[in-house]
Amino acid sequence: MTLLNDVLTYNEKFVSDKMYEEFTTDKFPDKRVVILTCMDTRLVELVTKAMNFRNGDVKIVRNAGAIVNHPFGSIMRSLLVAVYQLQADEVLVVGHHDCGMSTLSSETILGVMKERGVQDDTIDTLRHAGIDVDHWLEGFSSVQESVKHSVGMIKQHPLMVKDIPVHGLVIDPETGKLDLVVDGYERETAL
């Protein structure tokens, strides 16, 4: 059996036993909020439970590090869709302590890529095309500063609603404790 076979076999039972019924909701978040958080496995359920959210309350966007690093990338597009099409009225950026992005170095990940078959020529082609691969693959040194950066990217985006609260938090992946980094209700806070 492969993982895919296990997934499909379980899914048949999930559907036939109507186990999906407890998750029934619509596409609009009841609490009118979108969360940008990390894809870390420790946060899959912890983030929402630590905030007292349940299925249907929020929209969740995940990536490595809860980082908005391009104003017109897929993360920012997802946040804009949540606000303009899915009725989200607030944004929560939730980074976490002990994030893998805090120790990520482009040198290390490029080395692993090469070990797994990516050719030097491919990386060189990207660099010659103007892509700063090293910067793109680099992590961050401070989760708080990374959260502030992402909050700033969202708040300052030319297409974002100007008065939408964008909050920044850091969660402890062991306990779920939240530390406030940016209070989006405080308009005078400089980012």
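From a predicted model like this one, the values you see are computed outputs, not experimental measurements. (Residues numbered from 1 in each chain as written. Predicted model: local features only at pLDDT ≥ 70, side-chain atom pairs only at ≥ 80, totals over all residues. Heavy atoms only, no water.)

Trainee: For this particular structure, what's the right way to read the overall build of the protein chain?
Mentor: Across its full length, the protein chain carries seven helices and five strands. Along the chain direction, N to C, the helices and strands of the protein chain fall in the order α-β-α-β-α-β-α-α-α-α-β-β. For the protein chain, the C-alpha atoms occupy an extent of roughly 55 × 50 × 35 Å along the three principal directions. A burial count over the protein chain gives 35% of its 191 residues as buried. Once local pairs closer than 6 in sequence are excluded, the contacts in the protein chain between residues at least 24 apart make up 72%. With the model as given, the accessible surface of the protein chain reaches about 11,900 Å², and the carbon-plus-sulfur share is 54%. (Helix = DSSP H or I, 4+ residues; strand = E, 2+ residues; numbered from the N terminus. Buried < 20%, exposed > 50% of the residue type's maximum accessible area, 1.4 Å probe, protein only. Contact = heavy atoms within 4.5 Å. Areas by Shrake-Rupley, 256 points an atom, 1.4 Å probe, with all protein chains shown as cover.)

Trainee: What am I meant to see in the pairing of strand β1 (residues 33–38) here?
Mentor: Look at any regular strand and the pattern is simple: side chains alternate between the two faces of the sheet. A large share of β1 lies buried, amounting to six of its six residues. The pairing of β1 with strand β2 (residues 58–63) spans six bridges and is parallel. Paired with valine 34 across the bridge in β2 is lysine 59. Here β1 runs beside strand β3 (residues 90–96); their pairing, made up of five bridges, is parallel. Bridge pairing links isoleucine 35 to leucine 92 in β3. (Pairing = 2+ DSSP bridges.)

Trainee: Help me understand the side chain of serine 150 in this model?
Mentor: Residue placement: serine 150 occurs in helix α7 (residues 143–155). Within the structure, serine 150 has its side chain in polar contact with the backbone nitrogen of valine 68 (distance 3.0 Å). For serine 150, the contacting residues outside a window of four places in its chain are Ala66, Ile67, Val68 and Val93. (Polar contact = N/O pair within 3.5 Å; in protein donor to acceptor, adjacent residues only side chain to side chain.)

Trainee: Hey, could you run me through the sheet that holds β2 in this one?
Mentor: Hydrogen bonds between backbone atoms are what pair the strands of a sheet, whose relative direction is either parallel or antiparallel. With mixed pairing, five strands are arranged side by side in an open sheet as β2-β1-β3-β4-β5. Looking along the sheet, the strands with just one partner apiece sit at the ends: β2 and β5 (178–182). Pairs of neighbouring strands in the sheet enclose a mean axial angle of 25°, with direction left out of account. In the sheet, β3 pairs with strand β4 (residues 166–171) via six bridges, with the strands oriented parallel. Opposite valine 91, over in β4, you have valine 166 as the bridge partner. The strands touched by helix α3 (residues 74–84) within the sheet are β1, β2 and β3, with β2 carrying the most contacts at an inclination of about 175°. Sitting on the sheet, α7 touches β3, β4 and β5, and the angle it makes with β4 is about 160°. (Axes fitted to C-alpha atoms, helices over the stretch in contact; angles between N-to-C directions.)

Trainee: It is not clear to me how α7 should be interpreted in this structure. Could you clarify?
Mentor: An α-helical segment advances 3.6 residues per turn. Residues three or four places apart therefore align on the same side. Between its first and last C-alpha, α7 extends 18 Å over 13 residues, near the 18 Å set by a 1.5 Å rise per residue. Its buried side turned inward, α7 meets α3, β3, β4 and β5. (Expected span 1.5 Å × (residues − 1).)

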